[in-house]
Amino acid sequence: MVKVAVLGAAGGIGQPLSLLLKSHPQVTELNLYDIVNSPGVAADLSHICTKAKVTGYKGQENLDAALAGCDIVVIPAGIPRKPGMTRDDLFNINAGIVKGLAEGIAKNCPKAFTCIISNPVNSTVPICAEVFKKAGTYDPKRLFGVTLLDIVRSSTFVSEAKGMNPAEAKVTVIGGHSGVTIVPLLSQLKGVTFSQEEVEALTHRIQFGGDEVVKAKDGAGSATLSMAYAAARFVDSLIEGAFMKKPVVECAYVESPLAADDGCAYFASAVELGPAGAEKILPIGPLSDYEQGLYKACVEQLKANIAKGVNFVNQA
Ligand code: NAI
């Protein structure tokens, strides 16, 4: 019995994500919000014979109604990358979009679990946290940056390279969600060994896998279908941990002590999801020398991305 809102539901990620959530057995209400086309997407999905009741909400004036009473809010609203752009190039537009939506959540469903997909995730999660802090509703256990696509890509690329079953290629990815802030811990994967050359090639592909899709789509956006799969899996794990009380471990970008000494108040790592949300942040574990180098490069960039998000809200 879970009520979910998707904000940005008419977009490239929003539509397939809403389709997957409409098929989820525990989702009983699905509110689809966007500034365009959401009533059409909702009407289409509402004909699918699963129990979730789908309602479309269009335009800022309907945001409050879209969010009222929601248990989980997923945010893929905002512009995606075009070839040659980094995720940070999206900041100027997406920061304002996420801030406005976070204000709506604080007002209408302050206890909801909020899952942010909109890039740059490294900065949009701190933006959302600062808005919640100002509203007095912030609970760090309930706010997540969705980095699961990096884990999904890691499983795919590693299993292809090593002839494994993707389900067994479970790679932990720590840090953030852009370029060098994405740190895959291949050394921790059991039952498989890599040459240094393989480690470097796979690491680069995982860090910049999103660019492959941006380039192939040639101006028509970034990853949407694989992202919808990853976000639906994250929501499924959250429902299992938080609402069905069967703790699940997934990687996510959350407020975290793991890299606090290196200036990063937010950090992606394996997290145990339970009734309160991010119940336990699991330790990073042993890093190879190469991974220690990746970690250093990650925190340098990540702390600047975090500060940019925090300053955006506090200087506005
Ligand atoms: P899109 O342009 O296809 O869809 C975005 C949707 O957001 C559009 O329907 C648009 O009308 C809507 N929107 C814009 N302003 C809004 C507002 N104020 N309120 C509600 N809706 C609003 O973009 P796409 O491909 O779906 O990507 C969305 C975001 O997800 C981008 O920022 C992209 O970079 C990010 N992304 C994140 C990934 C991750 O791993 N976390 C992976 C891939 C994309």
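Residues numbered from 1 in each chain as written. Predicted model: local features only at pLDDT ≥ 70, side-chain atom pairs only at ≥ 80, totals over all residues.

**Some thoughts on the nonpolar core**
- Core analysis: the largest hydrophobic core is formed by 104 residues, its most contacted members being V4, I72, V73, V74, C115, A231 and V235.
- For this core, the element with the most residues is helix α9 (residues 225-243), which contributes 10 residues.
- Taken together, domain 1 (2-146) and domain 2 (147-306) each give at least three residues to this core, which thus spans both.
- If near-sequence neighbours (up to four positions away) are discounted, I72 is found in contact with V2, V4, A112, F113, C115, V235 and L238. (Core = buried A, V, L, I, M, F, W, Y, C linked by C-beta atoms within 7 Å. Buried ≥ 20, exposed ≤ 12 C-beta atoms within 10 Å, placed from the backbone. Helix = DSSP H or I, 4+ residues; strand = E, 2+ residues; numbered from the N terminus. Domains from an automatic or database assignment. Contact = placed C-beta atoms within 7 Å.)

**Details of unusual backbone geometry**
- Residue P120 is bonded to the preceding N119 through a cis peptide linkage, with omega at -5°.
- Along the chain, the position of P120 falls in the loop between β5 (113-116) and α5 (121-135).
- In the Ramachandran plot, D218 falls in the positive-phi region, its phi being about 55° despite a non-glycine side chain.
- With respect to the helices and strands, D218 occurs in the loop between α8 (209-217) and α9.
- A count of 9 C-beta atoms within 10 Å places D218 in the exposed class.

**A word on the UniProt feature "binding site: substrate" (unreviewed entry) in the chain**
- Under the local residue numbering, the UniProt record ascribes the feature "binding site: substrate" (unreviewed entry) to R81, R87, N119 and R153.
- When you line up the elements, R81 lands in the loop between β4 (72-75) and α4 (91-108).
- Sequence-distant contacts of R81, defined by excluding residues within four places in its chain, comprise R87, L90, V214 and S222.
- Note that R153 resides in helix α6 (residues 148-162).
- If we ignore the near neighbours within four places in the chain, the residues touching R153 are I206 and G209. (UniProt positions renumbered as here; feature names shortened; annotations may be inferred.)

**Thoughts on the domain arrangement of the chain**
- By the assigned domains, the chain splits into domain 1 (2-146) and domain 2 (147-306).
- Once you take the C-alpha centre of each, domain 1 and domain 2 turn out to be 21 Å apart.
- Taken residue by residue, the interface counts 36 residues in domain 1 and 40 residues in domain 2.
- When its residues are assigned to classes, the side of domain 1 that touches domain 2 shows 23 nonpolar, 7 polar and 6 charged. (Nonpolar A, V, L, I, M, F, W, Y, C, P; charged D, E, K, R; others polar.)

**Looking at the packing of α5 against helix α10 (residues 289-314)**
- Relative to each other, α5 and α10 sit at 35°, their axes nearing to 8 Å. For the crossing formed where α5 meets α10, the hand is right-handed. Two secondary-structure elements touch here, α5 through N122, S123, T124, P126, I127, E130 and V131 and α10 through L302, N305, I306, K308, G309, V310, F312, V313 and N314.
- A per-class count over the contact of α5 with α10 returns 8 nonpolar, 6 polar and 2 charged. (Axes fitted to C-alpha atoms, helices over the stretch in contact; angles between N-to-C directions. Left-handed = near helix turned anticlockwise from the far one by under 90°.)

**Description of the pairing of strand β11 (residues 277-281)**
- For strand β10 (residues 266-274) and β11, the ladder comprises 4 bridges, and the chain directions are antiparallel. Bridge pairing in β11 links E272 to K280. (Pairing = 2+ DSSP bridges.)

**Here's the deal with the site of the ligand**
- G8, G11, G12, A77 and N119 are the nearest of the 34 residues found near the ligand.
- At the level of secondary structure, the elements contributing two or more residues to the shell around the ligand comprise β2 (27-34) and α4.
- Top contributing element to the shell around the ligand by residue count: α4, with 4 residues.
- Grouping the constituent residues of the shell around the ligand by class yields 19 nonpolar, 13 polar and 2 charged.
- Split by domain, the residues of the shell around the ligand number at least three in each of domain 1 (2-146) and domain 2 (147-306). (Near = placed C-beta within 6 Å.)

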